[in-house]
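Structure assessment
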Amino acid sequence: MSQTQEIINQGKAAIANTYGRYDLVFQSGKGMWLQDIEGQKYLDFVAGIAVDALGHGDEGYANMLKEQAQDLVHVSNLYWNAPNVEVAEILKKWSGQDKVFFCNSGAEANEAALKFARIYGEDARYEIITMTNSFHGRTMGSLAMTGQTKYQKHFNPLTPGVSYVPFNDYEALEAAITPKTVAVLIEIIQGEGGIIMAEADYLQKVTALLDQKDILLMVDEVQTGIGRTGKAFAYQLFDLKPDIVSVAKGVAGGFPMGASLISKRVADKLYPSCHATTFGGTALASAASKYVLTTIEEQGLIENADKVGTYLKGALEGLCDKYACVEGTRGIGLIQGIKIADDTPVSGIINAAIGTGLLLVGAGHQVIRFVPPLICSQTDVDVMIEKLESVLKAL
């Protein structure tokens, strides 16, 4: 029995069956590449699902974690720690928001957004409108805000006070608003939903309507934030000014961290004990985030996402011209996708790509998603396209 199979068998016997995993056991990584326990290398266009902003094996990141762990890991939010304050200042500068609440994941960031909106509504207004095809997490609150029934199986009744309207349908949203509506939650790009972008005209109409009715605009940037779209946050592509922004994934480059970035009018409603988390904003997580954000800024990785993203878009469009099963492209920056014809299983393409040493991930209905580390280069795109083409040619 191979070492890989031995570990997989042990894992199946010990770990809960909540994931459909590929038969891969990774041991190390460097830059854009991962290496499995058998020594096989793979070009990583998944990045831990848009998490590993700096790629793998960043020496400065590893040294920083070691140094911080030797000084201080955790003291709880009964006290202050300097790395936490420093990363809060960076996130404020990048986002234009007024305050930061730290947590541990995207789902927790959206849970916080839900609670902060409820606090803002002062019990009189508590209804949240979200979009069909959206994804906001798997906790009971974030699951209720997720507009996909496949994730909600076995978890009814859901948290009340949430309704769904079709994405990019202004009239439907306007009709769904009631005197009890306190907030609308939107993804600028629906990542898990299939890389579906919001339309500029739609967003302009929505923001004008919400301003008129004193309804909060909440934006889920868990997958799109931290430079992935060629802007610090995707809402900046449209000059929006949200009241609450949920971030996670790339914010600490693989170390668990999430945050809700909030406007002054929301922050002014908060008070001690209204929400909390034991591990949110630990010194270690904050130091990790500070290093990642500083490195992104110093190395121009947001600009790189824009530049390489444009190159990636062109390369993917080239596949549309050459292969009938590739029906179109979507996305921007380093969050993009290709729509695959219904008669061609996406899982088959992804599995075959693994055989060539390429890691890809699906999204929504018949879409392959491309969310590589922000360090991705045009050469990496070329290698990826070569490997993917070898799979498409064989179909």
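Structure report, in brief.

With that out of the way, let us pick up the side chain of D44. Within the secondary structure, D44 sits in strand β3 (residues 41-44). The buried charged residue D44 lacks any salt bridge partner; its closest oppositely charged side chain belongs to R228, at an N-O distance of 9.3 Å. There is a polar contact of 2.9 Å between the side chain of D44 and the backbone nitrogen of A47. With residues up to four places along the chain from it excluded, the contact list for D44 reads M32, L34, H56, L359, P372 and P373.

What tends to happen in soluble globular proteins is that the nonpolar side chains get buried as a cluster. Judged by nonpolar contacts, the single largest core of 97 residues is most densely connected at F45, I296, F370, M384 and L388. Beyond its immediate stretch of four places on either side in the chain, I296 contacts A53, L54, W94, I226, L301, I302 and L374. Residues F116, Y120, A144 and A183 belong to the second largest nonpolar core, which totals 24 residues.

Attention now moves to the packing of aromatic side chains. Scanning all chains against the criterion turns up six aromatic pairs. Each ring, one from F26 and one from Y42, has its centre 5.5 Å from the other, and the planes form 85°; the classification is edge-to-face. On the criterion of sequence distance, the pair formed by F26 in strand β1 (residues 26-30) and Y42 in strand β3 is long-range, its members being 16 residues apart. Looking at F26, the relative accessible area reads 35%, which means it is partly exposed. Pairing F135 with Y151 gives two aromatic rings, centres 5.0 Å apart and planes at 65°, and the pair type is edge-to-face. Of the two residues, F135 sits in the loop between β5 (127-131) and α6 (140-145) while Y151 sits in the loop between α6 and β6 (162-165), which places them 16 residues apart along the sequence. For the pair formed by F135 and Y151, the shared burial category is buried.

Moving on to the packing of helix α11 (residues 301-322) against helix α13 (residues 378-394). It is at 10 Å that the axes of α11 and α13 come closest, and there the two elements cross at 20°. Considering their axes alone, α11 and α13 lie roughly parallel with respect to each other. Considering only the axes of α11 and α13, their crossing is right-handed. Between α11, through K307, V308, Y311, L312, A315, L316, L319 and K322, and α13, the contact on the second element is made entirely by Q378, V381, D382, M384, I385, L388, E389 and L392. Classifying every residue of the contact of α11 with α13 by side-chain character gives eleven nonpolar, one polar and four charged.

Cut-offs used in this document
- Residues numbered from 1 in each chain as written.
- Predicted model: local features only at pLDDT ≥ 70, side-chain atom pairs only at ≥ 80, totals over all residues.
- Heavy atoms only, no water.
- Helix = DSSP H or I, 4+ residues; strand = E, 2+ residues; numbered from the N terminus.
- Buried < 20%, exposed > 50% of the residue type's maximum accessible area, 1.4 Å probe, protein only.
- Lys, Arg positive; Asp, Glu negative; His and termini not counted.
- Salt bridge = Lys/Arg side-chain N within 4 Å of Asp/Glu carboxyl O.
- Polar contact = N/O pair within 3.5 Å; in protein donor to acceptor, adjacent residues only side chain to side chain.
- Contact = heavy atoms within 4.5 Å.
- Core = buried A, V, L, I, M, F, W, Y, C linked by side-chain atoms within 4.5 Å.
- Phe/Tyr/Trp six-rings, centres within 6.5 Å; stacked < 30°, edge-to-face > 60°.
- Axes fitted to C-alpha atoms, helices over the stretch in contact; angles between N-to-C directions.
- Parallel < 35°, antiparallel > 145°, perpendicular 65-115°, else oblique.
- Left-handed = near helix turned anticlockwise from the far one by under 90°.
- Nonpolar A, V, L, I, M, F, W, Y, C, P; charged D, E, K, R; others polar.

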